[in-house]
2 protein chains.
Amino acid sequence: MRKPSVPKGTRDFLPGTMRKRNYIFGVIRDVFERYGYQPIETPATEHLDTLTGKYGEEGDRLIFKILSRGDKLRKAIAAGSDSALSEEALRYDLTVPFARFTVQHQNDLTFPFRRYQIQPVWRADRPQKGRYREFYQCDADVVGTGSLRCEAEFVRIFDEVFTALGIPVDIRINNRKLLSAVASSVGAPERMTELVTAMDKLDKLPLERVKDELRQKEFSEEALTALERILASAARGDAASGVPDALAELLGEFPEGKKGLEELQYIFSKTDKPGLATARLRFDLSLARGLNYYTGAIFEVVPRTDAQVGSICGGGRYDDLTGIFGMPDMSGVGISFGADRIYDLLEAVGGFPEKETEGTTVLFVNFGEAEGDYCAERVHALRAEGIKAELYPDAVKMKKQMKYADDLNIAFTVLAGEDEIRRSVLKVKQMKTGVQEEIPEAELGKYIKNI
Amino acid sequence: MRKPSVPKGTRDFLPGTMRKRNYIFGVIRDVFERYGYQPIETPATEHLDTLTGKYGEEGDRLIFKILSRGDKLRKAIAAGSDSALSEEALRYDLTVPFARFTVQHQNDLTFPFRRYQIQPVWRADRPQKGRYREFYQCDADVVGTGSLRCEAEFVRIFDEVFTALGIPVDIRINNRKLLSAVASSVGAPERMTELVTAMDKLDKLPLERVKDELRQKEFSEEALTALERILASAARGDAASGVPDALAELLGEFPEGKKGLEELQYIFSKTDKPGLATARLRFDLSLARGLNYYTGAIFEVVPRTDAQVGSICGGGRYDDLTGIFGMPDMSGVGISFGADRIYDLLEAVGGFPEKETEGTTVLFVNFGEAEGDYCAERVHALRAEGIKAELYPDAVKMKKQMKYADDLNIAFTVLAGEDEIRRSVLKVKQMKTGVQEEIPEAELGKYIKNI
């Protein structure tokens, strides 16, 4: 028998990790709910043709497929074709299933429809540090409205979540329409993708290198000069906020540029009063996630730390999410939290609050049958007060029971021998400090709650 | 394009359903946690050989397999063999993954280990009413102790959960060792399974028919007479509680019978003081779930209603959960809640509490840009008080906005036009009663919370 293990790229979550993950999901869920987002779930599997063609060629290759069964499988094998071997697949993200869901249930939903969804997705990616084949996505979307108030609310949602988690963040914002205007202003309106890809490299490469690359792609010198002027006026970096005037002037002469500027301006104005608690909203012309997908605002959230963790959230406005399933013109905005990265970040800085991630609070030591019965009633009373409590199930050596409490990080142990039981008191030990006190049995719950 | 749909036997959960399901899971999770059970999760996929051979031949056929990719797939197709097409599979239950988990992480776990796990499982069953190909299981197990206090605690867990959910239940209990003693006492110790299967039919068939069946299987007349005596003394039915004396006398002369009686007696005595809140613990000799698996106590929970919903929980003691993965003698007890059946039951009697399953509480009607800005600040203030609130994103017709509130079952709508804003008051309408009041803007949160 080989050693038990999980499939490559997947993970077991042990209790300590689970509680921390649940804490993160709980914070996000609470904010989503207060903002009117409603929970939904979709099945782990979708019809294969619901997913294929939605994530590009590379994405299609990474979809986990379910093997057909019975007659279908036999026929597929006989035919020797791999395309017939599977008709269902594991979901690859939450967006395409949500689009399918929206179209399928359009008559049962009320629009604008705000939904959130926290479920695992599966991708047959090459596993590496921080990248898994099974991971949770944590999405909120509102569809059926073009109101820019939704974008402004998502900025507030980011602010509330990361304020609650104690992570200072920059919310980077851009607008797809501005990127179109950049392409127009360098005289290559149809080459936006190449331009944006090049701009994106400015983080790592000097301007001249990037210009050389564009020259090789046969961008004209005029185009490069125009681009350089735009970059100079875009004033990227942490200090930037709002759209710089010089850039607004350059891009505002193009219709899509004007529209994009107005949209950005509106979102900035709506998050101004009341201001954000700890997050900072920053314009960033180089931000360009999911180009072929988003049509308006684009978001990315990065922690304000030295650690190079990259973005921990993304999102944006799309004008046609459900068109692929035959329901056109359904505009929406969505955001997604990267739970694994947020976890790593909090773990690195010791940012998980003890209270909310602790397991059992009280362990009663088991001294034998009669003492055990007495303690079982006390345990029952504590649980009724909402306190997590257990009686060690066997009357084994005290040392073993105390080690159990230590290993599980249990805050209090309670000892009740014959003598204590006769006097209706309990010996309570605070495991962290070693402080030991005698408490009247009726006051145990109050004592625990007050420490 | 075909109409968007989900794979056969799977479901989307819309917000109303999700909130009710989350309510059920929340109640169960809260009780598990107060009893010291700790959350874990395992991946959706397992190595195929972790699962095969664990659920019987029929079970093996119902496992969803993941299609291999790349070279492996090409080789498998070339070989024309279906066994090479897959190396991973979707989990079929939570028990086998938990056994694998326990063995794999034995050095990181502290025993006795109490875990709970609430995750979906997948079975390629023929879908039918109330039976799905994807459904959640909701399990708690404690492993690494033979203490019968664990069984007694599970009885209390059933009691607490169903008291909280408002479902009166009978907890049926039996002991696998008593069933062994039945077989011994009819002189056929090796034929327990056949006897139990026959006894199980007494719900539906008259005694004589069942005896005829056993005759055909060549049970002797002496055996049948002995069995009849046992059945007469077992006094099955709702009125029974504890093990009837006459039955105890008949089965107590066999070592396994004596042991089984002692175990049952112990569990009854430990759930006596304090007594159960609403559940009733009932001995039932005909109870025999998972025969080849359980070794001690066996549980089943059935609602005390006229509705024929069958059991909504099961569980029992097993002496060797992890032996299949090379870690022998790890005794444990586990229980499992059937979330779908509990859902149907609560739905049928209108048993879901309104408060805990409601969505947005307050909708602010959007009258235009300036009013919207004013309301957005009020919404923000309500959310900070923990109230779920939204501003309708667009200034569309009032009728449409009120219909939105109606459709989403939103309890309050707030109207603030120019006049109200000038006077710092808000018009609040209670949607259920139609009552409309004018509230000072600073008191809105208090007003909402007090109704």
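Since we're looking at a predicted model, the values are computed, not measured. (Residues numbered from 1 in each chain as written. Chains lettered and ligands numbered in written order. Predicted model: local features only at pLDDT ≥ 70, side-chain atom pairs only at ≥ 80, totals over all residues. Heavy atoms only, no water.)

## Quick word on unusual backbone geometry
All names here are of chain A.
So, point 1. For the peptide bond that leads from Phe-111 to Pro-112, omega is -5°, which places it in the cis range.
So, point 2. Structurally, the position occupied by Pro-112 is in the loop between helix H5 (95-104) and strand S5 (113-122).
So, point 3. Cis geometry is adopted by the peptide bond preceding Pro-274, which originates at Lys-273 and carries an omega value of -5°.
So, point 4. Looking at the secondary structure, you find Pro-274 in the loop between helix H12 (255-270) and strand S8 (280-283).
So, point 5. Phi is positive for Ser-424, close to 55°, though the residue is something other than glycine.
So, point 6. Assignment of secondary structure puts Ser-424 in the loop between helix H16 (418-422) and strand S15 (425-430). (Helix = DSSP H or I, 4+ residues; strand = E, 2+ residues; numbered from the N terminus.)

## Comments concerning the side chain of Ser147(B)
So, point 1. Checked against the element boundaries, Ser147(B) lands in the loop between strand S6 (134-143) and helix H6 (149-165).
So, point 2. A relative accessible area of 8% means that Ser147(B) is categorised as buried.
So, point 3. From its side chain, Ser147(B) meets the backbone nitrogen of Arg149(B) in a polar contact 3.1 Å long.
So, point 4. Residues in contact with Ser147(B), not counting those within four places in the same chain, are Pro393(A), Asp394(A) and Arg317(B). (Buried < 20%, exposed > 50% of the residue type's maximum accessible area, 1.4 Å probe, protein only. Polar contact = N/O pair within 3.5 Å; in protein donor to acceptor, adjacent residues only side chain to side chain. Contact = heavy atoms within 4.5 Å.)

## Here we look at the domain arrangement of chain A
So, point 1. In terms of domains, chain A is made up of domain 1 (15-349) and domain 2 (358-450).
So, point 2. Placing the centre of domain 1 of chain A and that of domain 2 of chain A at their C-alpha centroids yields a distance of 50 Å. (Domains from an automatic or database assignment.)

## Some words on the pairing of strand S9 (residues 297-303) of chain B
Residues and elements named next belong to chain B.
So, point 1. Burial analysis of S9 places 7 of its 7 residues in the buried class, which makes it a mostly covered element.
So, point 2. Burial along S9 is two-sided: Ala-297, Phe-299, Val-301 and Pro-303 and Ile-298, Glu-300 and Val-302, pointing in opposite directions, are all buried.
So, point 3. In this sheet, S9 lies alongside strand S7 (residues 169-175) in antiparallel orientation, the contact comprising 7 bridges. Bridging from a neighbouring strand, Asn-174 pairs with Ile-298 of S9.
So, point 4. With 4 bridges connecting them, S9 and strand S10 (residues 313-318) associate as antiparallel partners. Among the inter-strand pairings, Ile-298 is bridged to a residue of S10, identified as Gly-316. (Pairing = 2+ DSSP bridges.)

## Remarks on the environment of Tyr23(A)
All names here are of chain A.
So, point 1. Within the element layout of this structure, Tyr-23 appears in helix H1 (residues 15-34).
So, point 2. Tyr-23 sits 125 residues away from Leu-148 along the chain, and the two C-alpha atoms are 30 Å apart.
So, point 3. Apart from the residues lying within four places of it in its own chain, the contact partners of Tyr-23 are Ala-164, Leu-165, Leu-346, Phe-352, Pro-353, Glu-356 and Thr-357.

## What about the sheet that holds S7(B)?
All names here are of chain B.
So, point 1. Taken together, the 8 strands give an open sheet; going across it, the order is S1-S5-S6-S11-S10-S9-S7-S8, and neighbouring strands pair in mixed fashion. With partners counted over all chains shown, the strands left at the sheet margins are strand S1 (38-39) and strand S8 (280-283), one partner each.
So, point 2. Sheet topology note: the S1/strand S5 (residues 113-122) ladder contains 2 bridges and is parallel. Bridging from a neighbouring strand, Pro-39 pairs with Tyr-116 of S5.

## Quick word on the packing of aromatic side chains
To describe a pair of aromatic rings, you give the distance between the ring centres and the angle between the ring planes.
Residue and element names in this part refer to chain A.
So, point 1. This model, assessed by the stated rule, comprises 30 aromatic pairs over all chains.
So, point 2. Consider the rings of Phe-412 and Tyr-447, whose centres lie 6.3 Å apart with planes at 65°: the pair is edge-to-face. Here the residue Phe-412 occupies a position in strand S14 (residues 412-415), and Tyr-447 occupies one in helix H17 (residues 444-450), the gap between them amounting to 35 residues.
So, point 3. Taken together, the ring pairs connect Phe-32, Tyr-37, Tyr-116, Phe-154, Phe-158, Phe-162, Phe-299 and Phe-337 into an aromatic cluster.
So, point 4. One cation-aromatic arrangement involves Arg-378 over Tyr-374; the distance from NZ or CZ to the ring centre is 4.8 Å. (Phe/Tyr/Trp six-rings, centres within 6.5 Å; stacked < 30°, edge-to-face > 60°. Lys NZ or Arg CZ within 6 Å of the ring centre and 35° of its normal.)

## A word on the relation of the copies chain B and chain A
Put simply, the second copy of the chain is the first one after a rotation about an axis and a shift along it.
So, point 1. Laying chain B over chain A is done by rotating through 180° and shifting 0.0 Å along the axis; what remains is an RMSD of 0.1 Å. Such a combination of turn and shift is consistent with a two-fold rotation axis.
So, point 2. The overlap is high: 100% of the interface residues of chain B also sit at the interface in chain A, so the same surface is used on both sides. (Least-squares fit on C-alpha atoms with pLDDT ≥ 70 in both.)

## Quick notes on the environment of Thr10(A)
So, point 1. Here Thr10(A) lies in the segment before H1.
So, point 2. You can call Thr10(A) buried: its relative accessible area is 11%.
So, point 3. Distance in space between the C-alpha atoms of Thr10(A) and Phe135(A) is 8.1 Å, their sequence separation being 125 residues.
So, point 4. Sequence-distant contacts of Thr10(A), defined by excluding residues within four places in its chain, comprise Glu134(A), Pro43(B) and Thr45(B).

## Section: helix H6 (residues 149-165) of chain A
All names here are of chain A.
So, point 1. If you check H6, its first and last C-alpha atoms are 24 Å apart, about what 17 residues at 1.5 Å a residue would give, namely 24 Å.
So, point 2. For H6, the tally of buried residues reaches 15 of 17 residues, placing the bulk of the element in the interior.
So, point 3. Just past H6, the residue Gly-166 takes up positive phi, approximately 75°. (Expected span 1.5 Å × (residues − 1).)

## Quick look at the nonpolar core
So, point 1. Of all hydrophobic cores here, the largest spans 105 residues; its most connected members are Ile157(B), Phe162(B), Ile171(B), Leu285(B) and Phe337(B).
So, point 2. With 8 residues, H6(B) is the single largest residue contributor to this core.
So, point 3. Residues in contact with Ile171(B), not counting those within four places in the same chain, are Val155(B), Phe158(B), Asp159(B), Leu276(B), Ala279(B), Arg280(B), Leu281(B), Arg282(B), Phe299(B), Glu300(B) and Val301(B).
So, point 4. Grouped together as the second largest cluster of nonpolar side chains are 104 residues, Tyr92(A), Leu247(A), Leu281(A) and Ile335(A) included. (Core = buried A, V, L, I, M, F, W, Y, C linked by side-chain atoms within 4.5 Å.)

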